[in-house]
Every structure is written in structure tokens, then in C-alpha cells.
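# Breakdown of the fold
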Amino acid sequence: MSPVISLDKPFNAGGDIPPALKAYYIPGSKTRSGMSGFGSFLLQEVQLNGLSWQYQVFHIKKDVSFLESMPAPVLLAYIVLKGSFEHQVKGLGNLQVKKDRFVVLQSPAYFN
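Model, not experiment: these values are computed from the prediction.

## Here's the deal with unusual backbone geometry
Backbone geometry places N49, a non-glycine residue, at a positive phi of 50°. Examined against the element boundaries, N49 turns out to sit in the loop between β4 (39-48) and β5 (51-60). What makes N49 exposed here is its relative accessible area of 77%. Despite not being glycine, D100 has its phi angle at roughly 65°, a positive value. Structurally, D100 is set in the loop between β10 (93-98) and β11 (101-107).

## A look at the side chain of Q44
Examined against the element boundaries, Q44 turns out to sit in strand β4. A residue is classified by how much of its surface remains accessible, and Q44, at 1% relative accessible area, is buried. At 3.0 Å, the side chain of Q44 and the backbone oxygen of Y24 are in polar contact. A distance of 3.0 Å separates a polar atom in the side chain of Q44 from a polar atom in the side chain of S29.

## Some remarks on the nonpolar core
Core analysis: the biggest nonpolar cluster contains nine residues, these being V74, L76, Y78, V80, V89, L95, V97, V103 and L105. Every element with two or more residues in this core is listed here: β8 (74-80), β10 and β11. If you tally residues by element for this core, the top one is β8, at four residues.

## Observations regarding the environment of D16
With respect to the helices, strands and loops of the structure, D16 is situated in the loop between β2 (12-13) and β3 (30-36). Along the chain, D16 and T31 lie 15 residues apart, while their C-alpha atoms are 8.8 Å from each other.

## A word on the packing of aromatic side chains
Per the counting criterion, the structure on display carries three aromatic pairs. Between W53 and Y55, the ring centres sit 5.9 Å apart and the planes meet at 10°, which makes this aromatic pair stacked. On the basis of relative accessible area, Y55 is assigned to the partly exposed category, the value being 29%. Members of the aromatic cluster, each reached through a chain of ring pairs, are F38, F41 and F58.

## Describing the environment of V103
Tracing the chain through its elements places V103 in strand β11. By relative accessible area, V103 is classed as buried at 17%. Considered as a pair, V103 and L76 are 27 residues apart in the sequence and their alpha carbons are 8.1 Å apart. Setting aside residues up to four positions removed in sequence, V103 forms contacts with L76, A77, Y78, L95 and V97.

Parameters at a glance
Residues numbered from 1 in each chain as written. Predicted model: local features only at pLDDT ≥ 70, side-chain atom pairs only at ≥ 80, totals over all residues. Heavy atoms only, no water. Helix = DSSP H or I, 4+ residues; strand = E, 2+ residues; numbered from the N terminus. Buried < 20%, exposed > 50% of the residue type's maximum accessible area, 1.4 Å probe, protein only. Polar contact = N/O pair within 3.5 Å; in protein donor to acceptor, adjacent residues only side chain to side chain. Core = buried A, V, L, I, M, F, W, Y, C linked by side-chain atoms within 4.5 Å. Phe/Tyr/Trp six-rings, centres within 6.5 Å; stacked < 30°, edge-to-face > 60°. Contact = heavy atoms within 4.5 Å.

In short, the description is geometric, and any link to function would need to be established separately.
The structure is reproduced here in C-alpha cells:
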């Protein structure tokens, strides 16, 4: 069974960014990041003209599950550059995105 990591924690101003992901940091963004045996991740939030934009980068070495929920309307875009990404969406089921593919989802409220 793969480890389960919760992404539902508040963002911090700054913070330690894993070395493999420093090139993806957006200056001025609020961040959350982590490193473990599965790899590393960097979550960033940028506020611009009343909109909140999140940019997430994952460097995954082993299978891992992330838990995330968003109780407000949201527009999601997933772009997979390497490997594959499987996402389970309540009411939609399993969504698998393979290398060099992308998917855009709009939901009135999104819950994992």
C-alpha cells in the first residue's frame, strides 16, 4: 500500500523548498512543500486581482496517494510531463492522465 499524504493544510509564506523543485518556485507565492521516500512536492498559491491560483509540482519516485479537498467552485488543469497520474473524483470516478496529456475540469464544488 502506498503512503497517503494530506494536502489540506494552510499555505505558509516562504518555507524550505526541496532542491529538485527550486527552479519551479514563483517569487512572492505562498508555499507548502515536503520531501520523503516517495519524492517531493511544492504547492504554491498566488493571489492576483481577487483570484487565487495554485501551481503544484510533484517529483514522484514511488507510488503515493495525496488527499485534497476544495469546498468552493474550482477550475482544475492537470498536465502530465512524465509517467501517469490517477485521480479519483467523487461523482466522476477514476481519471487517469498519461504522459504528454492534459485534462481540464470545472466543478461547482470539488471534493476528493
